Amino acid sequence: MKKDIPTSSREYYRLIERDGAFRAGLASLCAPRQITWHITYRCNLDCLHCGVASMNRSCTYTERDELTFREVCRIIDEGAASGVKSLYFTGGEPFMRSDMLDILRYSRQKGMKTGMVSNGTLITGKVARDLMRLEIGEIMVSLDGASPATYDVLRQRKGAFRKALRGLENLVEAKKVSGSGTIVCTNTVLVKDTLEELPAIAALSCRTGADEVRVQPYIPGTEHDGRLIFRERGHVRRILREFEKAVAPPAFCDPDMVAQAAHLLARGERFAPRCMAPSLSSFVTPPGEVYPCCFLCELGEFLMGSLKRDSLEAIWGKRLYSKLREDMLECLSFSRCRACAALPELAGRDLLEEALREQALPSPAI
């Protein structure tokens, strides 16, 4: 049998079903390949479509609940020793932490492939230059509108659009001057307010100089679902085609991502039969709680452990966690997964390709 790296996500799932060695390789990992880390829930905006903002409005979370810098470094050390290869920081707004640049620097010193998402409003020229010197893999700026009329309403902060755009411009300029290889990209959550503006958002991203433009279906679950979810789906494919055409080279837009978003949104359902992502990644909250993914976060039944008490390797090896990963490879029976905005057919694809290239998993038989 020829051994090679598959090129389609559907092929990965077929391999999981028929290639015992490949599946055993997934089960043998002693830690996730990637950690997605909500490093803080604090934010300087109050976005209507954000689950974290919704949670902040209903709880008493404070800065004191967050992992300290020393605890963060310990977890990074444990991850590096156990086989974690990449860290992706999000929030909240990561730059609400005064030590965020230090955290990124420590991650890079430990050899981690490092990325982050930010709303961009706190990225000054100096912060942008510091980021480029760190050579992180990517920084994604959320851009949910092509004008203040849309963006500021969704973000519930007057002047937020101008600040976010300035942050994006600072990143592009710092990259140009430094020659850094960091990817600067934008991401738009598809809600009723942003759908019609999607081509204009793509054009704005390209004019500003973003390397990549992305879209993400909205995940229901905030108190504003009624005003955010669009019911008329007939023209979704047309809008997304216009969006793709508006992405002008050298900027890049993943055609698989757009095709999956169009398919899922047009049929009004976000559901795949199984998910590979939890077999390759974990999600960590600001207090250090571990979940299989960010869309199962804060649901007690999916809490796998706390990094304040246990090591990542010990939590990953728990029978409860192993069984859940096995179940999600077989069949997604959890109701929460039906609202997934991560495009499950693509989830884990890049992580798996990287693991195969580095021979961390046995090459599958094609």
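This one's a predicted model, so the numbers in the text were calculated from it and none came from an experiment.

**Q** How would you sum up helix H12 (residues 236-246)? Please name residues and give values.
**A** Within H12 the residues assigned to the buried category are Val236, Ile239, Leu240 and Phe243. One side of H12 holds all its buried residues, which, seen down the axis, span an arc of 95 degrees.

**Q** How would you summarise the sheet that holds strand S5 (residues 183-190) if you had to cite specific residues and measurements?
**A** In spatial order, the strands read S6-S5-S4-S3-S2-S1-S7-S8-S9; together these nine strands make up an open sheet with mixed pairing. With partners counted over all chains shown, the strands left at the sheet margins are strand S6 (212-217) and strand S9 (305-306), one partner each. The sheet contact formed by strand S3 (residues 113-118) and strand S4 (residues 138-142) spans four bridges and is parallel. Note that in S4 the partner of Ser118 across the bridge is Val141. Here helix H8 (residues 160-178) sits on the sheet and contacts S4 and S5; the angle it forms with S5, its principal contact strand, is near 155 degrees.

**Q** Report on the pattern of salt bridges, specifying residues and quantitative values.
**A** Side-chain pairing between opposite charges can occur once the charged atoms of the two side chains come close. Here the structure, examined in full by the defined rule, presents 17 salt bridges. Glu66 serves as the salt-bridge partner of Arg97, at 3.7 Å between the closest nitrogen and oxygen. Of this pair, Arg97 sits in the loop between strand S2 (86-90) and helix H5 (100-109) while Glu66 is found in the loop between helix H3 (51-56) and helix H4 (69-82), placing the two residues 31 residues apart along the sequence. A relative accessible area of 6% means that Glu66 is categorised as buried. A salt bridge links Arg97 to Asp99; its shortest N-O distance comes to 2.9 Å. Of the two residues, Arg97 and Asp99, both sit in the buried class. Each of Arg42, Glu63, Glu66, Arg97 and Asp99 takes part in salt bridges that share partners, so that together they form one network.

**Q** Could you give an account of the packing of helix H6 (residues 125-134) against H8, naming the residues involved and the relevant values?
**A** Contact geometry for H6 and H8: axes closest at 8 Å, N-to-C directions at 45 degrees. Our classification of the angle between H6 and H8 gives oblique. Handedness of the H6/H8 crossing: right-handed. Contacts from Gly125, Ala128, Arg129, Leu131 and Met132 of H6 reach H8 at Asn170, Leu171, Ala174, Lys175 and Ser178. Here the residues of the contact of H6 with H8 sort into five nonpolar, three polar and two charged.

**Q** Summarise the environment of Leu296; cite the residues concerned and give the values.
**A** Along the polypeptide, Leu296 turns up in the loop between strand S8 (289-291) and S9. Taking relative accessible area as the criterion, Leu296 reaches 1% and is therefore assigned buried. When the C-alpha atoms of Leu296 and Phe283 are compared, they prove to be 9.0 Å apart, with 13 residues separating the residues in sequence.

Scoring rules and cut-offs
- Note on numbering: residues in each chain are counted from 1, in written sequence order.
- In keeping with the predicted nature of the model, local features appear solely for residues at pLDDT of at least 70, side-chain atom pairs appear and are counted solely at 80 or more, and the whole-chain, interface and lining totals rest on all residues.
- Side-chain numbers come from the whole structure's heavy atoms, not from hydrogens or water.
- Burial status follows relative accessibility: with a 1.4 Å probe on protein chains alone, a residue under 20% of its type maximum counts as buried, one over 50% as exposed, and anything between as partly exposed.
- Helix and strand definitions here come from DSSP, where helices need a minimum of 4 consecutive H or I residues and strands a minimum of 2 consecutive E residues; each element is numbered from the N-terminal end.
- The directions from the helix axis to the C-beta atoms are what the arc is built from.
- When DSSP finds two or more bridges between a pair of strands, those strands are recorded as paired.
- Should any heavy atoms of two residues lie within 4.5 Å, those residues are counted as being in contact.
- Where helices are involved, their axes are fitted lines through C-alpha atoms of the stretch in contact, as for all axes, and angles between N-to-C directions lie from 0 to 180°.
- We define a salt bridge as a side-chain nitrogen of Lys or Arg found within 4 Å of a carboxyl oxygen belonging to Asp or Glu.
- Working rule for angles: under 35 degrees goes down as roughly parallel, over 145 as roughly antiparallel, 65 to 115 as roughly perpendicular, anything else as oblique.
- For any pair of crossing helices, the crossing counts as left-handed if the nearer helix is rotated counterclockwise from the farther one by less than a right angle, and right-handed if it is rotated clockwise.
- Each residue is assigned to one of three groups, with Ala, Val, Leu, Ile, Met, Phe, Trp, Tyr, Cys and Pro labelled nonpolar, Asp, Glu, Lys and Arg labelled charged, and all others, Gly among them, labelled polar.

Honestly, it's all geometry; don't read function into it.
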